[in-house]
There are 2 protein chains.
Amino acid sequence: MMRLFLVVCLLVNFVIKAQTVQSPSKSVQLEFKLDNNGKPYYSVNYKSKNVVKQSYLGLKCKDGADLVSNFSIDSIGNKTVNETWQPVLGEQSNIKNNYNEMIVALSQKASGRKMNIIYKVFDEGIAFRYEFPKQNKLNYFIISDEVSEFNLTGNHKVFWLPGDFDTNEYNYEETLFSEINTDIVNLNNGIGFKAITKKFAVQTPLMMKSSDGIYLNIFEAAVVNYPVMQLDVDVQNYTLKSSLAPNALGDKAYLQTPCVSPWRTIMISDDARDIVGSKMILNLNEPCKLDDTSWIKPMKYVGVWWEMHVGKSTWDYAGSQNAQNNGELKPTGKHGATTTNTKRYIDFAAKHGFDGVLVEGWDVGWEDWFGNWKENVFDFKTPYPDFDLKEVNDYAKSKGIKMIMHHETSASVANYERYLDRALNLMKAFGYTAAKTGYVGKIIPRGEFHDGQTMVNHYNFVAQRFADYKMMVNSHESSRPTGYHRTYPNYICAEAGRGTEFNAWSIGNKVNHETILPFTRLLGGPMDYTPGIFEIKMSAYDKTKKEQVHSTLAKQLALYVTMYSPLQMAADLPENYEKHLDAFQFIKDVPADWQESKYLEAEPGDYLTVARKDKNSENWFLGAITDENARNTEIKLDFLSPNKKYQATIYQDGKTAHWEINPINYEIKTIQVTSKSKIKLHLAEGGGTAISFKPIN
Amino acid sequence: MMRLFLVVCLLVNFVIKAQTVQSPSKSVQLEFKLDNNGKPYYSVNYKSKNVVKQSYLGLKCKDGADLVSNFSIDSIGNKTVNETWQPVLGEQSNIKNNYNEMIVALSQKASGRKMNIIYKVFDEGIAFRYEFPKQNKLNYFIISDEVSEFNLTGNHKVFWLPGDFDTNEYNYEETLFSEINTDIVNLNNGIGFKAITKKFAVQTPLMMKSSDGIYLNIFEAAVVNYPVMQLDVDVQNYTLKSSLAPNALGDKAYLQTPCVSPWRTIMISDDARDIVGSKMILNLNEPCKLDDTSWIKPMKYVGVWWEMHVGKSTWDYAGSQNAQNNGELKPTGKHGATTTNTKRYIDFAAKHGFDGVLVEGWDVGWEDWFGNWKENVFDFKTPYPDFDLKEVNDYAKSKGIKMIMHHETSASVANYERYLDRALNLMKAFGYTAAKTGYVGKIIPRGEFHDGQTMVNHYNFVAQRFADYKMMVNSHESSRPTGYHRTYPNYICAEAGRGTEFNAWSIGNKVNHETILPFTRLLGGPMDYTPGIFEIKMSAYDKTKKEQVHSTLAKQLALYVTMYSPLQMAADLPENYEKHLDAFQFIKDVPADWQESKYLEAEPGDYLTVARKDKNSENWFLGAITDENARNTEIKLDFLSPNKKYQATIYQDGKTAHWEINPINYEIKTIQVTSKSKIKLHLAEGGGTAISFKPIN
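The structure contained in this document is the topic of the report that follows. (Residues numbered from 1 in each chain as written. Chains lettered and ligands numbered in written order. Predicted model: local features only at pLDDT ≥ 70, side-chain atom pairs only at ≥ 80, totals over all residues. Heavy atoms only, no water.)

1. Observations concerning the overall build of chain A
If you tally the helices and strands in chain A, you get 12 helices and 37 strands. The globule rule puts the C-alpha radius of gyration for 697 residues at 26 Å, and the 25 Å found for chain A is close to it. When its C-alpha atoms are laid out on the principal axes, chain A stretches across 75 × 60 × 50 Å. In chain A, which comprises 697 residues, the share counted as buried stands at 65%. Counted over contacts in chain A with a minimum sequence separation of 6, partners at least 24 positions apart contribute 71%. For chain A, the exposed area adds up to about 23900 Å²; of that, 48% sits on carbon and sulfur atoms. Within chain A, one finds 78 positive and 81 negative side-chain charges whose respective centroids are separated by 4 Å. (Helix = DSSP H or I, 4+ residues; strand = E, 2+ residues; numbered from the N terminus. Rg over C-alpha atoms; globule rule 2.2 N^0.38 Å. Buried < 20%, exposed > 50% of the residue type's maximum accessible area, 1.4 Å probe, protein only. Contact = heavy atoms within 4.5 Å. Areas by Shrake-Rupley, 256 points an atom, 1.4 Å probe, with all protein chains shown as cover. Lys, Arg positive; Asp, Glu negative; His and termini not counted. Charge placed at Lys NZ, Arg CZ, Asp CG, Glu CD.)

This is the structure we're talking about:
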């Protein structure tokens, strides 16, 4: 159901007084004005308190006719939207989209150019975008810079990643705003290819908390045909300015009117749950463009993947795990993606009710794929001699399992696009319905960044092309999502952040990593975080290894609830799950698509407690996680249906559990509860609790 | 039959004495030496006269470890090759490949890097290339500069195009070497997108003539995975140095050992016929890589094309002929590529025995395709509403005609590669066997040049992909060919030079243009020059127009013999041919594939007379052309088979013919001749003669 109110006000003298838009509940207020030089600016109040100071807006154009100043207001239009829509897959069956909008139509007398700024004010924050209507004086143009400002009111606490247009796989730094400085980033972090070029630049989403308890998050939505935005930081004045990923020539975006920029968003609340649960980013994206979405399904999967990360097997057939060995094929017997090994995973997946099996390292090229900016690495169709595509897929089919294709592009995007149709036809021929893509390395076309307009268009093109084939895609090392999966829901997932694998062979992920991701990376879309590691310490594979997952086993279970994704991997090895089938039961039970989600407790960097109701049953699931500090809390179960009894199975940290000292220590207990019950939770250091609630009768 | 002699000499002290290789007849002699700094250089003598002075060789690498000096010689190998091979299509059925080779294996003690220089010395010139063997100290590397020198001995006459990595569609300048200067180029020349950046730089092939009558031509062969080479010019010292097309980052080539550079070639003779008839460039390319070539056929075609150039119809459906009208579709009825009009061409082609019909402007996008660096213009599959793909192709099939697809990429190569498989599948579905491609505009990926490594790889990739589909390709606005059609003979033709169309709407082509092309552009491969214009003056279409083809009608016929191509268009409109069916008979008779070719008279920029024997009959054809000067000559017909009588049909300039004053004036006469006959030819100013010889029983 959709209710729409439209009011267009044509005011006589816009210049004199500021234009104001309030959120539906009036908690958020945005003010817009032109200064004496015709430069547009805005400011934002939250509950009558200023949270964003006077911040200028505009864009510079390569032709020199900048869209920055000398504007006058042609008209101002207002409307209110209050609608509800249904995502194909999601955290909830119905999403409310309620905001007040103001469209400010600007023009420059001298250049004759027109530009609109569209503001949307929601109860959990504001959004604005630039709109360039079709016009005589502006057809093709090149954005050389966007100069959108976000001027803050104090020295907030900030969770930040260093500005880097090639990777978002860093750990988060948690500092005061004034302490932001990319020099403090530990560069020995396992990231294969990184490029920090500025001392004072951060990525978005940028999560902040003011000293008086107001949460702010700066991000963007609907990044389509435009580069990714990062933020230049002025640590003295607490101000931020947009910084767009350039191409090889230093240009930012090639546009043709009519067109729009992505939305720039600022989420604001004094309750962190409003931010982590916000659907603003999705609401700012275009509705689904696919007529038939019946083939888009949530998916739980296992895969030939973690065993390579832990060093048990290799991606390459040669088995050297040397990515630059000049292509020599001398098999050592350590190759992971064999027909036999894959069948073992298929058997395991079928036995435990999973939907799919991913296999990495199936295709020729892994002997010499990384680190040399090589253009022609993979052809996405030639399997290694020990991987029989037909046998594997026939076997999977006989067991009711879908194979998940793997397309590592080694960032040679030009090559991938050349082969994409052949790759998709191969997938079709063997019955694949989904693929994981990868973009490890320096981009080809050379000079492009992972976050540039060209690459943004590439990721979106791939999603569209997969949709043409009714296939789903899950991109790794891509730019982080900004809600485009609303428009192309077959773009089911992305990594685009620091995932679990870093724990296997690097300093790993900070203990509080998963308490930050939902406030940052996940705001743009689901993450293929690949949780579920039961064999926490790498010393289990090799006594000399010190690496480990920075989590208890129970927390690994809780992540299936706290980290929303319609694509969820049980990332550990079958043999490790076999050792803990009681705990594994939670992963088997937890769904990946939801009717309803309740964020019960939230504090970025500290803890998160979420309850979700299965889309297809009356079952509820709860996940609670904490950071490096143990935590005791009591949860009211009032989200459960009244007048129903539930059997709650609680998977919790054992008494001596500790992410570092005793991570595998866990307990499972079963109790009966109702919506009136409360449950006391104890989370160990780096721990968590997972609970399933099943109605009794 | 192939005879191969291999001798490897390991000399004790290479440094002391120069190494020498002579051509089989000993007319050409190349000397190689290292100087005291271990810098390799060569020089060339022709008939004991020095023609290339001491010229240094080497390459600079981006990592700083240049391959320029500090070399020592590890070994020297020599061999002689004398073989004959058969091209799929060509000027002759058998091609002789006879040369002496020297491989100089060099290494740098400090860097540990190895590089070979391979020299081949033919009777008509020399060739050398750099070879980088597989080695420990050199795997991946980036060429930042190639510093191959070509140091000449005097102030030769030179036929040159200005250095420009984006277009080769200039008229030739004919000056002394000392007068080379790109400032003298008339830039009002109709070229859509050009980029001359240097004052003293020229393209290759560079044709020269010394004051003592020695012809020299500098070019390259087998440009594969490497950028195009142009030449920087020192007009004071008569020296030239290689200059490679860069990419957006200024890098020249990304290589991995083992690999090779293209061949750098210098053709040398005191008889210009040796150069124009040389098969050196083809001999330096790899043999055919296709097992089955039965589907590669010569093709004569007509097309919906010239009528757009003369303004009678338009490429775009809107009919505005405005390439930047923002995509508005307001049909005016001037669209050329309609089903009805195409059928007219099919009828004409069938009636007169042509093989194919090309249609440009059939696909959506022409309303806004040029001049704005637009990425997504064409999708290569959506016809305009008035062009029925099925109806057209069914009709063509019923008449025994093959339709030729047109893929204008507007230089958005990224987009073309994304759509290529779809485009080829469409062609397959409708029975197309060949396509003409186009690359008008600034290249996307942005920052690349038409002549860069990326684009060279693209053109070659397209040829390979077409071969996968058993289809032929003819590229326009590509980099000029360097013999790769030996390796992929389905890359049947290219424009890659100033073609006939410039005559329709610009200053046109100089009167002597076609007397230069065979000494330059055509050395690398056939050109889709689109001759055969009978309605010479554009005033026939619009009285106000002053443009014209700079040729007599008879010369237009002669071009079918002087300009070798297995793909030949009869470019004029059917209605213009209908007016001169007697002259048109020559175009109908002339084949496009040959058993034998005899270059009878040749002087670059002045005249050319060629006789060729049909591959599939005993018929001979002769073409003679001149420049702006009239010419009288007598031709011995001793190329004809002895003991045979021939009916010779002579198409010659009329008595008052003159390219400007009376271009359509022609005469046709028939005589009987034998191999002992001589024929006197009179060629008008800008004129020509075409003759067919058919045996009389």
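2. Section: the relation of the copies chain B and chain A
With an axial shift of 0.0 Å and an RMSD of 0.0 Å, the rotation relating chain B to chain A amounts to 180°. Expressed as an axis order, the relation between the two copies is that of a two-fold axis. (Least-squares fit on C-alpha atoms with pLDDT ≥ 70 in both.)

3. Quick look at the pattern of salt bridges
Residues and elements named next belong to chain A. This structure, assessed with the given rule, holds 84 salt bridges over all chains. For lysine 399, the salt bridge is made with aspartate 347, and the minimal N-O distance between the two is 3.4 Å. Of the two residues, lysine 399 sits in the loop between α5 (389-398) and β25 (402-408) while aspartate 347 sits in helix α4 (residues 339-351), which places them 52 residues apart along the sequence. What makes aspartate 347 partly exposed here is its relative accessible area of 32%. With a shortest N-O distance of 3.0 Å, aspartate 421 and arginine 465 are connected by a salt bridge. Linking aspartate 421 in helix α6 (residues 413-430) with arginine 465 in helix α7 (residues 453-468), this pair joins segments that are 44 residues apart in sequence. Side by side, aspartate 421 and arginine 465 carry an identical accessibility label, which is buried. (Salt bridge = Lys/Arg side-chain N within 4 Å of Asp/Glu carboxyl O.)

4. Description of the side chain of asparagine 285 of chain B
Residues and elements named next belong to chain B. With respect to the element layout, asparagine 285 can be found in the loop between α2 (280-283) and β23 (299-304). The exposure class assigned to asparagine 285 is buried, which follows from its relative accessible area of 4%. Side-chain polar atoms of asparagine 285 contact the backbone oxygen of glycine 483, separated by 3.4 Å. Other than its neighbours up to four places away in sequence, asparagine 285 contacts Ala221, Ala222, Thr482, Gly483, Tyr484, Arg486 and Thr487. (Polar contact = N/O pair within 3.5 Å; in protein donor to acceptor, adjacent residues only side chain to side chain.)

5. Brief notes about the interface of chain B and chain A
Opposite the 28 residues of chain B that make contact, chain A presents 28 residues. Across the contact surface, chain B and chain A share 4 salt bridges. Across the chain B-chain A interface, the total number found is 7 residue pairs in polar contact (both at pLDDT 80 or more). Those elements that place two or more of their residues in the side of chain B that touches chain A are β11 (140-146), β20 (253-256), α6 (413-430) and α7 (453-468) of chain B. A per-element tally of the side of chain B that touches chain A places α6 of chain B first, with 5 residues. A per-class count over the side of chain B that touches chain A returns 9 nonpolar, 7 polar and 12 charged. (Nonpolar A, V, L, I, M, F, W, Y, C, P; charged D, E, K, R; others polar.)

6. A few points about the nonpolar core
When a protein is soluble and globular, its nonpolar side chains tend to lie buried together. Core analysis: the biggest nonpolar cluster contains 192 residues, and Leu30, Phe32, Tyr42, Tyr119, Phe132, Leu240 and Phe466 of chain B have the highest contact counts within it. If we skip the residues at most four places from it in the chain, phenylalanine 466 of chain B touches His407, Tyr416, Leu420, Leu424, Met427, Ala435, Met471, Met472, Val473 and Asn490 of chain B. The next biggest cluster of nonpolar side chains, apart from the first, holds 191 residues, and it includes Tyr226, Met267, Tyr345 and Ala570 of chain A. (Core = buried A, V, L, I, M, F, W, Y, C linked by side-chain atoms within 4.5 Å.)

7. Observations concerning the sheet that holds strand β6 (residues 59-61) of chain B
All names here are of chain B. In space, the 3 strands of this open sheet follow the order β6-β11-β20, with antiparallel pairing throughout. Edge positions in the sheet fall to β6 and β20, since each of these pairs with one other strand and no more. Here the average twist between neighbouring strands, direction ignored, is 45°. Two elements, β6 and β11, share 3 bridges in a ladder whose sense is antiparallel. What sits directly across from cysteine 61, in β11, is isoleucine 143. (Pairing = 2+ DSSP bridges. Axes fitted to C-alpha atoms, helices over the stretch in contact; angles between N-to-C directions.)

8. Some thoughts on the pairing of strand β19 (residues 239-244) of chain A
Where a strand is regular, its side chains alternate between the two sheet faces. All names here are of chain A. Buried residues dominate β19, accounting for 5 of its 6 residues. Sheet topology note: the strand β12 (residues 149-152)/β19 ladder contains 3 bridges and is antiparallel. Residue pairing for β19: asparagine 151 is matched across the bridge by threonine 239. When strand β18 (residues 229-234) meets β19, the two strands line up antiparallel, connected through 6 bridges. Paired with valine 233 across the two strands is leucine 240, which belongs to β19. Taken together, β18 and the strand that follows it, β19, pair antiparallel across an intervening segment of 4 residues, in which tyrosine 238 is found at a positive phi of about 60°.

9. Thoughts on helix α12 (residues 581-589) of chain A
Buried within α12 of chain A we find Ala583, Phe584, Phe586 and Ile587 of chain A. Around the axis of α12 of chain A, the buried residues are gathered within 140° of arc, so they sit on the same side. (Arc of directions from axis to C-beta.)

10. Overview of the sheet that holds strand β28 (residues 491-494) of chain B
All names here are of chain B. One open sheet holds the 7 strands; their spatial order is β28-β27-β26-β25-β24-β23-β29, and the pairing between them is parallel. If you trace the sheet from one side to the other, it starts and ends with β28 and β29 (567-569), each paired once. Strand after strand, the sheet turns through a mean of 25° between neighbouring axes, direction not considered. Relative to β28, strand β27 (residues 472-476) runs parallel, the two being bridged by 3 bridges. Residue pairing in the sheet places serine 475 in a bridge with alanine 494 of β28. Relative to β27, α7 is tilted by about 155°, and along the sheet it contacts β25 (402-408), β26 (434-438), β27 and β28.

11. Structural notes on the environment of lysine 47 of chain B
Residues and elements named next belong to chain B. The topology assignment puts lysine 47 in the loop between β4 (40-46) and β5 (49-56). A residue is classified by how much of its surface remains accessible, and lysine 47, at 48% relative accessible area, is partly exposed. Linking lysine 47 and tyrosine 432, residues 385 residues apart in sequence, is a C-alpha distance of 51 Å. Residues within four places of lysine 47 in sequence aside, it is in contact with Ser27 and Asp270. Polar side-chain contacts of lysine 47 include one of 3.4 Å to the side chain of tyrosine 46.

12. Considering unusual backbone geometry
Going from isoleucine 444 of chain A to proline 445 of chain A, the amide bond is cis rather than trans, its omega being 20°. Note on placement: proline 445 of chain A falls in the loop between β26 (434-438) and α7. Cis peptide bonds are those with omega within 30 degrees of zero, and the linkage from threonine 257 of chain B to proline 258 of chain B qualifies with 0°. Checked against the element boundaries, proline 258 of chain B lands in the loop between β20 and β21 (259-260).

13. Digging into the state of the cysteines
Residue and element names in this part refer to chain A. Throughout the structure, instances matching the rule amount to 0 disulfides over all chains. In this model cysteine 288 remains outside any disulfide bridge; the closest cysteine sulfur is found in cysteine 493, 17 Å from its own. On the accessibility criterion, cysteine 288 (32% relative accessible area) is partly exposed. Exposure remark for cysteine 493: the relative accessible area of 2% places this residue in the buried category. (Disulfide = S-S within 2.5 Å.)

14. As for the packing of α4 of chain A against α5 of chain A
Residues and elements named next belong to chain A. The geometry of α4 relative to α5 is characterised by a closest axis approach of 10 Å and an angle of 15° between their N-to-C directions. Of the possible angle classes, the one that applies to α4 and α5 is roughly parallel. In this structure, the crossing between α4 and α5 has a hand that is right-handed. On the side of α4, the interface is formed by Thr339, Thr342, Lys343, Ile346 and Asp347, while α5 contributes Glu391, Val392, Tyr395 and Ala396. Looking at the contact of α4 with α5, its residues break down into 4 nonpolar, 2 polar and 3 charged. (Parallel < 35°, antiparallel > 145°, perpendicular 65-115°, else oblique. Left-handed = near helix turned anticlockwise from the far one by under 90°.)

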